[in-house]
Amino acid sequence: MTSQPEHHSKVARRAVLGTALSGAAAAALPGTAHAEEPEPTLPSAADGGAGRPWRLRDTMTTDGAWATFLRGQDLLWTRLPTRWYEGPFLGDGLLGSMIYREPDANRVRFTVQHGRVQDHRPEFGSGWGTCRLPVGHLTLDPVGTITAVDWRLSLWNAELTGTVTTTAGTLTLSALIHDEVLAVRVRASGGERTVWTFHPEEAISPRKIQEAPPADYTPNPPWTSRTAADGTEQVLQPLTGGQTATAYRRDGDELLLSVGHSAPSTTAAEAQSLRNLRRAASYGALRRRHTRWWHAFYKKSFVSFPDQRLQSFHWIQLYKAASASRADGPVMATCGPWLEPTPWPAVWWNLNIQLEYWLVHGSNHLELDALATTLRRNQEQLIANVPAAYRADSSGVGRSSDMFANREVGRPGSGSEVGNLTWALHNVWLSYRHSMDEALLRDTVFPLLRRAVAYYLHFLTPGSDGKLHLPSTLSPEYPVVPPQDTTYDLALIRWACQTLIDSAELLGIDDPSAPRWHEVLAKLTPYPVDGNGFMIGAGTPYAQSHRHYSHLLMVYPLYLVNWDQPENRDLITRSIEHWHALTGAHRGYSYTGAASMYAMTGDGDTAITYLRKFFDTSTRYPCQANTHYTEAGPVIETPLSASQSLHDMLCQSWGGVIRVFPAVPTAWADLTLHDFRTQGAFLVSAVRKEGRTRFIRIRSLAGEPLKLKHGLGGRLTVLLDDGRPARTRDLGDGMLSIELPKGREVLVHSGSRPDLVIAPVTVSEPGPAWGLP
């Protein structure tokens, strides 16, 4: 009989992590106060089918239903793509290939790149010494001149299929990547024949397009080739402190290729690449394993809305994320596994890596979260990144690094970026909140966040105003360095200290630093604010166009200053409007960020207006034909963040409250959401028809407290999965507290019980397929 109170006590402690943070901003702004939560009352029961068990009728349970739906989202080509951002792309989180015309040649290129292939010379920095390195590319060399293509990138099967028509005949191809093997099958007809050529590429930083190598930089040795007894060809690329090996073999119509990389071993990669080929066996054998993985992947969640082009875009981003990242693999570089000439051949920590991984949470795909894995595995490197005097208690990471987070961080007072590790840990905290995996909190978030904050605390000093101040740090990428109190860092410090306090309570840790965290929350200087809203830092207004929203982190994604605080609404609005009023520097993620911020305010029409700017080809840097994105080189985070903007319109779960359909554009009368994962480890399903929410179903995976902002009108029916009424409290403002035990489901609707059907919605805004249809 004693276990039940202990359980409820622990759940209550866990709930603090979801609710206290939204109140932490009160001390951050002068003259703010929070209204007390209304006294909850028990809502009156409605008939609506109480007492009768219920269940959803999910029409998306069969392979046939999924194959049909996703076929409508596929990318298509009737013209041969000539650039990487026009063509099909394949990947398995490690090996990646993009398919397009060989520049200035009558050939089809299949790039061959790998997320683990990098240099190992940190003395030359992340741009040159620990950067991603190119591997090579295959070319399919036809006899005749290419006159047409007819290609489909099947999302359901993660496979490229189609034909290449030439003046001599036809090449019918299919291609996929699985278990670090690129498998291609090509059948020739007419006068055509299948000719493959592998072209190794120089193992030098792709950054060479922008600048010369550093002084004393020595090029890596040249590659060599050999043929094994079974006919397998190998290209061996020696590196200082490592090796890359590419193995490939032809067997009739099929070609299999694999890349191995080893470090510090200078020989192990060659055996690894051969093992991969042996394991693959054949195209058909590999395809069976491959499609089994992808079919299970898609079935974890479902979303459908009536804008065809955006709906396809969203499903392509899920395909892209799973092609680029897996939890047990390397964290995404700015280009994912598809390396092209770029000034950014590394991992960028001041926005890119955070945006890359947001969509894995709501889409219920935590198995893609390589960021949490990377931080857990590289804690010693994060310690080594801070100056030696602070390594006893501090950790950090600089602006860019390799996949092992190898990059020193500057000192506050020197105008350096300091907050990047703290912001990255917010992502890992989100993974904890969406899974309620206490081990992730205990072993990764808490110890690393404790050290990230400790580094800040060494430099906070009291001023004559009695407040704590931070010496000069850089607000990522703003060109003016504030003399002190950079808003970016103040927001991260506030979030981190509150999270550490709440985490220590939940984990039962009596941490000796807790009094200091409380002191910082009480005394940290308010965010600098002027008539235009949040400033970059003390004495530094937002005065020139800026693509980054580093000065608005307290609004999004931290939600420390949010729309549930009426006293802050004008400040939020002024800040966002002024950010976008100064034009010239905005890029794709400037629009996706604004869309998510307006989604927080509940303004779906403004949110979708900003999101559509990312797809407007009249802008300087729009989304490209295959949904990838480029500035001076590939930058994968922006399209992925656009999917998160869509998530934010459909379902939000910050501040301990689940908000269903909080910012739906007026034009989207019908919506289906199924098994959308939220903070607190809930799976949400909901259907909207003719502009009204018809029902909400929530399943609890962890037994966390449930607060629901439902958006329903009239008398509510709230039923557990056995048909009995759930225990609820009316919290006012359309919000309901519901008792929902772990493993149970609850149904919420108004009026008579609706049809509880999960199905795709009818497209009301048609649009062309992505690719070159």
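Remember, predicted model here, so these are calculated numbers, not experimental data.

Student: Pulling in residues and values, what's your account of the sheet that holds strand E5 (residues 108-114)?
Tutor: Within a sheet, neighbouring strands are paired by backbone hydrogen bonds and run either parallel or antiparallel to one another. The antiparallel open sheet is built from 5 strands, whose spatial order is E3-E4-E5-E6-E11. Taken across any chain shown, the strands that pair with only one partner, and hence form the sheet edges, are strand E3 (89-91) and strand E11 (196-200). Across the sheet, the mean angle from the axis of one strand to that of its neighbour is 20 degrees, orientation sign disregarded. Summarising the sheet, E5 and strand E6 (residues 136-140) pair through 5 bridges and their orientation is antiparallel. When the bridges of E6 are listed, Thr-111 appears paired with His-137.

Student: Account for the packing of aromatic side chains, naming residues and giving values.
Tutor: Counted under the stated rule, the structure contains 41 aromatic pairs. Taking 5.0 Å as the distance between ring centres and 65 degrees as the angle between the ring planes, the aromatic pair formed by Phe-69 and Phe-302 counts as edge-to-face. Note that Phe-69 is positioned in helix H2 (residues 63-71) and Phe-302 in strand E16 (residues 302-304), a separation of 233 residues in sequence. Phe-302 carries the same exposure label as Phe-69, and that label is buried. Relative to Trp-315, the ring of Phe-69 lies with its centre 5.7 Å away and its plane at 80 degrees, an arrangement referred to as edge-to-face. With Phe-69 in helix H2 and Trp-315 in helix H6 (residues 308-324), this pair connects stretches of sequence that are 246 residues apart. Given the relative accessible area of 1%, Trp-315 is considered buried. Ring pairing ties together the aromatic residues Trp-66, Phe-69, Phe-89, Trp-156, Trp-293, Trp-294, Phe-297, Tyr-298, Phe-302, Trp-315, Tyr-319 and Trp-338, which thus form one cluster. One cation-aromatic arrangement involves Arg-309 over Trp-770; the distance from NZ or CZ to the ring centre is 3.5 Å. Over the aromatic face of Trp-654 sits the side chain of Arg-659, whose NZ or CZ is 3.6 Å from the ring centroid.

Student: Outline the side chain of Ser-596, supporting the account with residue identities and numerical values.
Tutor: Relative to the assigned elements, Ser-596 resides in helix H16 (residues 588-600). Engagement of the side chain of Ser-596 in a polar contact is seen with the side chain of Tyr-556, the distance being 3.3 Å.

Student: Account for the pattern of salt bridges, naming residues and giving values.
Tutor: Evaluation of the coordinates by the stated rule reveals 33 salt bridges. For Asp-511, the salt bridge goes to Arg-450, with nearest N and O atoms at 2.7 Å. Highlighted residues: Asp-511 in the loop between helix H13 (487-507) and helix H14 (514-523) and Arg-450 in helix H12 (residues 438-457), separated in sequence by 61 residues. For Asp-511, a relative accessible area of 6% gives the class buried. Taking the relative accessible area as the measure of exposure, Arg-450 reaches 26% and is therefore partly exposed. Here Arg-697 and Glu-745 are joined by a salt bridge, their closest N and O atoms 3.8 Å apart. With Arg-697 in strand E27 (residues 692-700) and Glu-745 in strand E32 (residues 745-750), this residue pair connects regions lying 48 residues apart in the sequence. Both residues of the pair, Arg-697 and Glu-745, count as buried.

Student: Tell me about the pairing of strand E4 (residues 95-101), residues and numbers included.
Tutor: With 6 of its 7 residues buried, E4 lies for the most part within the structure. Across 3 bridges, E3 lies against E4 in antiparallel orientation. Paired with Gly-91 across the bridge in E4 is Gly-96. Turn length for the E3-E4 hairpin, with the two strands adjacent in sequence and antiparallel, is 3 residues, and the turn residue Gly-93 shows positive phi of about 90 degrees. Where E4 and E5 come together, 5 bridges link them in antiparallel fashion. The partner of Tyr-100 across the bridge, within E5, is Arg-109. Linking E4 to E5, which pair antiparallel, is a turn of 6 residues; within it Asp-104 sits at a positive phi near 60 degrees.

Student: Pulling in residues and values, what's your account of the sheet that holds E16?
Tutor: Pairing within the open sheet is antiparallel, and its 6 strands lie in the order E16-E25-E26-E27-E32-E29. The outermost strands of the open sheet, each flanked by one partner alone, are E16 and strand E29 (716-720). Ignoring strand direction, the axes of neighbouring strands in this sheet form an average angle of 20 degrees. In this structure, E29 lies alongside E32, joined through 5 bridges in antiparallel fashion. Its bridge partner lying in E32, Val-718 is registered against Val-748.

Cut-offs and rules
The written sequence of each chain sets the order in which its residues are numbered from 1. Residues qualify for local features only when their pLDDT is at least 70, as the model is predicted, and side-chain atom pairs are given and counted only at 80 or more; totals for whole chains, interfaces and linings, by contrast, use all residues. Hydrogen atoms and water are omitted, and side-chain values are computed over all heavy atoms in the structure. DSSP calls a pair of strands paired once it identifies at least 2 bridges connecting them. Each helix is a run of DSSP H or I of at least 4 residues and each strand a run of E of at least 2, with the numbering of both proceeding from the N terminus. Axis definition: a line fitted to C-alpha atoms, limited for helices to the stretch in contact. Angles are taken between N-to-C directions and run from 0 to 180 degrees. Here a pair means two rings of Phe, Tyr or Trp (six-membered ring of Trp) with centres within 6.5 Å. Their orientation is stacked below 30 degrees between planes, edge-to-face above 60, and tilted elsewhere. Each residue's exposure class comes from its accessible area (1.4 Å probe, protein chains only) as a fraction of the maximum for that residue type: buried when under 20%, exposed when over 50%, partly exposed otherwise. Two conditions define a charge located above a ring, namely a distance within 6 Å from the ring centre to NZ of Lys or CZ of Arg, and an angle within 35 degrees of the ring normal. Whenever two N or O atoms come within 3.5 Å, that pair is a polar contact, provided that in protein one can donate a hydrogen and the other can accept it, and provided that, for residues adjacent in sequence, both atoms are side-chain atoms. The salt bridge criterion pairs a side-chain nitrogen of Lys or Arg with a carboxyl oxygen of Asp or Glu, the two atoms within 4 Å.

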